[in-house]
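An overview of the molecular structure
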Amino acid sequence: MSAYDGVVQELIDELGQLPGVGPKSAQRIAFHILSADTERVHRLATALTEVKARVRFCEICGNVSEEDQCRICRDPRRDGGLLCVVEEAKDVVAIERTREFRGRYHVLGGAINPIDGVGPDDLRIRELMTRLADGEVTEVIIATDPNVEGEATATYLTRMLRPMGIVVSRLASGLPVGGDLEYADEITLGRAFEGRRSIDV
Amino acid sequence: MYVSDLALTDFRSYGEALLSLDPGITAFVGPNGQGKTNLVESIGYLSTFSSHRVASDAALVRYGASRAIIQAKVVSDERTSVLELELVSGKANRARLNRSPLPRARELLGMLRTVVFAPEDLSLVKGDPDGRRRFVDELLVLLSPKLAGVRSDYERVVRQRNALLKSAAGARRGGGNADLRTLDVWDEKAAAAGAQLTAARVRMLRDLRPHVQNAYERVSSGQSQAEIAYRASVQQAMSDQGSEPGGEDALTNADLVEAQLLEAMSRLRPKEIERGVSLVGPHRDDLELRLGGLPAKGYASHGESWSLALALRLASYELLKADDWRSDGEPVLILDDVFAELDSRRRNRLAELVAKAEQVLITAAVAEDVPEQLEGARVDVMGSVATRVR
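The structure reproduced in this document is the subject of the present report. (Residues numbered from 1 in each chain as written. Chains lettered and ligands numbered in written order. Predicted model: local features only at pLDDT ≥ 70, side-chain atom pairs only at ≥ 80, totals over all residues. Heavy atoms only, no water.)

Our focus in this paragraph is the overall build of chain A. Within chain A one finds eight helices and six strands. Starting at the N terminus and ending at the C terminus, chain A contains elements arranged as α-α-α-β-β-α-β-α-β-α-β-α-β-α. Relative to the globule expectation of 17 Å for 201 residues, the C-alpha radius of gyration of chain A, 22 Å, shows a markedly less compact shape. Referenced to the eigenvectors of the C-alpha coordinate spread, the extents of chain A come out at roughly 65 × 45 × 35 Å. Residues counted as buried form 37% of the 201 residues belonging to chain A. For chain A, the proportion of contacts with a sequence separation of at least 24, taken over those separated by at least 6, is 48%. Charge separation in chain A, taken as the distance between the mean sites of 25 positive and 34 negative side-chain charges, equals 4 Å. (Helix = DSSP H or I, 4+ residues; strand = E, 2+ residues; numbered from the N terminus. Rg over C-alpha atoms; globule rule 2.2 N^0.38 Å. Buried < 20%, exposed > 50% of the residue type's maximum accessible area, 1.4 Å probe, protein only. Contact = heavy atoms within 4.5 Å. Lys, Arg positive; Asp, Glu negative; His and termini not counted. Charge placed at Lys NZ, Arg CZ, Asp CG, Glu CD.)

The next subject is the interface of chain B and chain A. Taken together, the contact pairs 21 residues of chain B with 21 residues of chain A. The interface formed by chain B and chain A includes four salt bridges. Among the ionic pairs, A:Glu149 bridges to B:Arg156, the shortest N-O distance being 2.6 Å. For the side of chain B that touches chain A, the secondary-structure elements that each account for two or more residues are helix 4 (146–173) and helix 5 (183–219) of chain B. Broken down by element, the residue count for the side of chain B that touches chain A peaks at nine residues, all from helix 4 of chain B. (Salt bridge = Lys/Arg side-chain N within 4 Å of Asp/Glu carboxyl O.)

Residue and element names in this part refer to chain B. Throughout the structure, instances matching the rule amount to two aromatic pairs over all chains. Measuring from ring centre to ring centre gives 6.2 Å for Tyr45 and Phe49, while their planes differ by 20 degrees; the resulting arrangement is stacked. Each of the two residues, Tyr45 as well as Phe49, counts as buried. (Phe/Tyr/Trp six-rings, centres within 6.5 Å; stacked < 30°, edge-to-face > 60°.)

Residue and element names in this part refer to chain B. Position of Ser4 among the secondary structure elements: in strand 1 (residues 2–11). With 16 residues separating them along the chain, Ser4 and Ser20 place their C-alpha atoms 5.8 Å apart. Other than its neighbours up to four places away in sequence, Ser4 contacts Leu19, Ser20, Leu21, Lys73 and Val75. A polar contact of 3.0 Å, which involves the side chain of Ser4, links it to the side chain of Asp5. (Polar contact = N/O pair within 3.5 Å; in protein donor to acceptor, adjacent residues only side chain to side chain.)

Residue and element names in this part refer to chain B. Positionally, Leu102 belongs in the loop between strand 7 (100–101) and strand 8 (114–117). For the pair formed by Leu102 and Thr363, sequence separation is 261 residues and the distance between their alpha carbons is 32 Å. The contacts of Leu102, once residues within four sequence positions are left out, are Ala95, Arg96, Leu97, Glu107 and Leu108.

All names here are of chain B. Of the two faces of strand 8, the one lined by Thr114 and Val116 and the one lined by Val115 and Phe117 are each fully buried. As paired elements, strand 8 and strand 12 (residues 332–336) share four bridges and run parallel to each other. When the sheet's bridge partners are listed, Phe117 is paired in strand 12 with Leu335. (Pairing = 2+ DSSP bridges.)

Evaluation of the coordinates by the stated rule reveals 38 salt bridges over all chains. The shortest N-O distance in the salt bridge between B:Asp137 and B:Arg151 comes to 3.3 Å. Residue B:Asp137 is located in helix 3 (residues 129–143), and its partner B:Arg151 is located in helix 4; the two are separated by 14 residues in the primary sequence. It is possible to trace a salt-bridge network through shared partners that takes in A:Arg159, B:Arg161, B:Asp184, B:Asp187, B:Glu188, B:Arg269 and B:Glu272.

Taken as a whole, the second largest pocket encloses approximately 1200 Å³ of empty space. What lines the second largest pocket is a set of 38 residues, among which A:Pro146, A:Glu151, A:Ala172, A:Ser173 and A:Arg191 lie closest to the centre. Elements represented by at least two residues in the lining of the second largest pocket include exactly helix 5 (89–98), helix 7 (148–161) and helix 8 (186–194) of chain A together with helix 4 and helix 5 of chain B. (1 Å grid on protein atoms, 1.4 Å probe; cavity = no way out; pocket = protein on both sides within 12 Å on 5 of 7 lines; lining within 4 Å. Points joined across faces, edges and corners; volume = space filled by probe spheres on them.)

So, on to the environment of A:Thr130. Residues and elements named next belong to chain A. Within the secondary structure layout, Thr130 lies in helix 6 (residues 125–132). Judged by relative accessible area, Thr130 falls into the exposed class, the value being 58%. Residues Thr130 and Arg159, spaced 29 residues apart in sequence, show a C-alpha to C-alpha distance of 16 Å.

Turning our eyes to something else, we now look at a nonpolar patch on the surface. Residues and elements named next belong to chain A. Residues Val51, Val55, Phe57 and Val64 make up a contiguous nonpolar surface patch of about 350 Å² in total accessible area. Its location among the elements puts Val51 in helix 3 (residues 38–54). Taking relative accessible area as the criterion, Val51 reaches 46% and is therefore assigned partly exposed. (Patch = residues over 30% accessible without salt bridge, like charges linked within 9 Å, V, L, I, M, F, W, Y side chains within 5 Å. Areas by Shrake-Rupley, 256 points an atom, 1.4 Å probe, with all protein chains shown as cover.)

The next thing to look at is empty space enclosed by the protein. Residue and element names in this part refer to chain B. Taken as a whole and assessed by the stated rule, the structure comprises two cavities of 30 Å³ or more. The calculated volume of the largest cavity comes to roughly 40 Å³. Taken together, Tyr154, Val158, Arg161, Ala190, Ala191, Leu261, Met265, Ser278, Val280, Gly281, Pro282 and His283 make up the lining of the largest cavity. Listed by contribution, the elements that provide at least two residues to the lining of the largest cavity are helix 4, helix 5 and helix 8 (254–275). The element that contributes the greatest number of residues to the lining of the largest cavity is helix 4, accounting for three residues. Considering only residue class, the lining of the largest cavity consists of eight nonpolar, three polar and one charged. Taken as a whole, the second largest cavity spans an internal volume of roughly 30 Å³. Lining the second largest cavity are Arg132, Arg133, Val136, Arg201, Tyr230, Asp285, Asp286 and Leu287. (Nonpolar A, V, L, I, M, F, W, Y, C, P; charged D, E, K, R; others polar.)

Put into structure tokens, the structure is as follows:
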């Protein structure tokens, strides 16, 4: 069912493949591009081709990078004894925003998910083991998503890392800070109750 | 609690409907196919986000419309709240409480509590185990919303575990080696979530049991005794393997069940890989119903089966009422076309038992189907138009 001629429909179809973009939005973006001036469209087109040509994945941690190694892996001020394992590169950005974590990262590229056919070999777990072999890293923080697949991945990694004498920790789950208790969903609130702490005065 | 006003937009056969209701008894009367059940179904849906008639929500949106809206004013303990749910076909529901949108629709769950009696209930006694598991889990989630998370986690883990077992079975048949390195992890997750769910179910069953026995005795006028027991697949597996499975007490101890599940899974592993499915856990459990010592399924007569199904629903109602320490008020009772299914004796017994409830909504094809004890307000329903006549 193509409503428009040739290239316009092609553009709409391509845009519609993007995550979070439905057919209506795709159509709106396509017509926005059509009405924009040529220079702006060129800038967008260049940005798209450049990102694909220049960006690759850091050979050490798997984060997105324009060089062979990413900014964080190259930074000598980072604590080499501390490693945070995440599912996606966007999780690195989220943790970096806290400005609290001074160690380095390892991006797995997903989580164990048999339904989608993702097993340990499809994730960057072998690279993680190679990285840990020299003994520099003494603590691993597992920051996979707090869902069924993320938890399973965390448990799998913990089982492999503990025998190597590495301290393994998992991010706590609980209440969002700065929000109202009443807005927390019952599952988060239930977990927060289970993980409550006594207060030392 | 009771529903004082109901407004429907594009729900089922209704384009627009507006209806005021009173506490006490209301009968919706009209020939079949005129829209009686749709009205009470909308109230049930608002309470549980599931329909007692269909599994998919698509049929709830009026044919040709893009979304349906259910609005209800609920009075509970002198407080009035307006609940609104928008069903968009193929998308997540959107909910509002007192006109302000809720971040998650499921926060509306539990604001309106209902117990629905329907002809489909007979399958609780005569049907497959999954209907009885759903009965237990739905009641469990009403009593303890946190368990909705445990239940959905468990279902997800089992699906992941089955996918892994299936691919392992496929690899083995192809002569290759199956990648089972992550199976231990899935065992661990399935055992942890499964044990929590099992223990919660059995603890609830203990609270439900006296209510079931009592309700059955009253519905059947004491002909025989109803018994209800939890059949745990993990205990079956333990005794198949020659171990002492322990009794019902053991099932309420989540740590113990977790250890038993792990052991059963490790012993069943070759069989699970061969079959490609998870063979042990709460998704394989059942509720065993007995009458006078004999299994109800297969042995009970049609009438006895009906009495037992009614007893299960009445017991749910009593349990929710007893759980009223939050003073939510007692649940709204919905009796959808059940009186036509019952003989006059059971009809009268049921009528006596529900007559004093805070709000009872009844549907019936003809007014004569509604027992005399349940005289109250009456709404005639014809061609998807509801008219209050009394």
